[in-house]
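One letter stands for each residue in the lines below.
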Amino acid sequence: MLRAEISIFPSDDADQLTHPTRQFMTEMGLDYDFRRDPASLNTALSGRPGEVFQRLEQLVASAAAQDQDMIMVVTFYTTSD
């Protein structure tokens, strides 16, 4: 099993992340939290490595398709399950 913890931050001083990223996470069925200071959107994926990387690729593509630059930080954990 693989677990990926993901945080997305706006690259400028904007106080909020764009609506399409939150909509994408909702459509994908991802639980996430939104923090205001600093602004970030946080979620976690877990499953077989192929599944995790496929969903992560979709999330990156969704974020890249927006007009606002963002920074995405991903931390991977392997589990024995």
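Just so it is clear, the model here is predicted, and its values are computed rather than measured.

Asker: Would you take a moment to explain the overall build of the protein for this structure?
Answerer: Of regular secondary structure, the protein possesses two helices and four strands. Seen in sequence order, the protein has helices and strands lined up from the N terminus as β-α-β-β-α-β. Residues classed as buried in the protein amount to 32% of the 81 residues present. Within the protein, contacts between residues at least 6 apart in sequence are counted, and of these 66% link residues at least 24 apart. A total accessible area of about 5200 Å² is found for the protein, and carbon and sulfur atoms account for 48% of it.

Asker: Would you take a moment to explain helix α2 (residues 49-64) for this structure?
Answerer: Every α-helix winds through 3.6 residues per turn, so residues three or four apart in the chain are directed the same way. The terminal C-alpha atoms of α2, which comprises 16 residues, lie 22 Å apart, in line with the 22 Å expected from a rise of 1.5 Å per residue. Those residues of α2 that fall on the buried side of the exposure criterion are V52, L56, L59, S62 and A63. Buried residues of α2, seen end-on, are gathered within an arc of 120 degrees and therefore sit on one face of the element. Among the exposed residues of α2, those oriented more than 90 degrees off its buried face are G50, E57 and A64.

Asker: How should I be thinking about the nonpolar core in this particular structure?
Answerer: Generally speaking, nonpolar side chains in soluble globular proteins are found buried as a group. Listed in full, the twelve residues of the largest apolar core are L2, A4, I6, I8, F24, M25, L30, L41, L45, V52, L56 and L59. Sorting elements by how many residues they give to this core places strand β1 (residues 2-10) first, with four residues.

Asker: When you look at the side chain of N42 in this model, what are you seeing that I'm missing?
Answerer: By the element assignment, N42 lies in strand β3 (residues 39-47). At 2.6 Å, the side chain of N42 and the side chain of S7 are in polar contact.

Asker: What am I meant to see in the environment of S46 here?
Answerer: Mapped onto the fold, S46 is located in strand β3. Residues S46 and E5, spaced 41 residues apart in sequence, show a C-alpha to C-alpha distance of 8.7 Å. Look past the residues within four positions of S46 in its chain and what remains in contact with it is L2, R3 and V52.

Criteria and thresholds
- Chains are numbered independently. Their residues run from 1 in the order of the written sequence.
- The predicted origin of the model limits local features to residues at a pLDDT of at least 70 and limits the giving and counting of side-chain atom pairs to 80 or more, whereas totals for whole chains, interfaces and linings rest on all residues.
- Neither water nor hydrogens contribute to the side-chain values; these are computed over all heavy atoms in the structure.
- Secondary structure elements are defined from DSSP: runs of H or I of at least 4 residues count as helices, runs of E of at least 2 residues count as strands, and each element is numbered from the N terminus.
- Relative accessible area decides the class of each residue, using a 1.4 Å probe on protein chains only: under 20% of the type maximum gives buried, over 50% gives exposed, and in between gives partly exposed.
- Whether two residues touch is decided by their heavy atoms; if any such pair falls within 4.5 Å, the residues are in contact.
- The Shrake-Rupley method, run with a 1.4 Å probe sphere, supplies the accessible areas, and residue values consider only the shown protein chains as cover.
- Helix span, as expected, comes to 1.5 Å for every residue beyond the first.
- By arc we mean the arc of the directions from the helix axis to the C-beta atoms, nothing more.
- Definition of nonpolar core: a set of buried residues of the types Ala, Val, Leu, Ile, Met, Phe, Trp, Tyr and Cys, connected through side-chain atoms within 4.5 Å.
- Polar contacts, as used here, are pairs of N or O atoms within 3.5 Å; protein pairs need one atom able to donate a hydrogen and one able to accept it. Residues neighboring in sequence count only if both atoms are side-chain atoms.

From the geometry alone we can't say anything about function, so treat these as descriptive.
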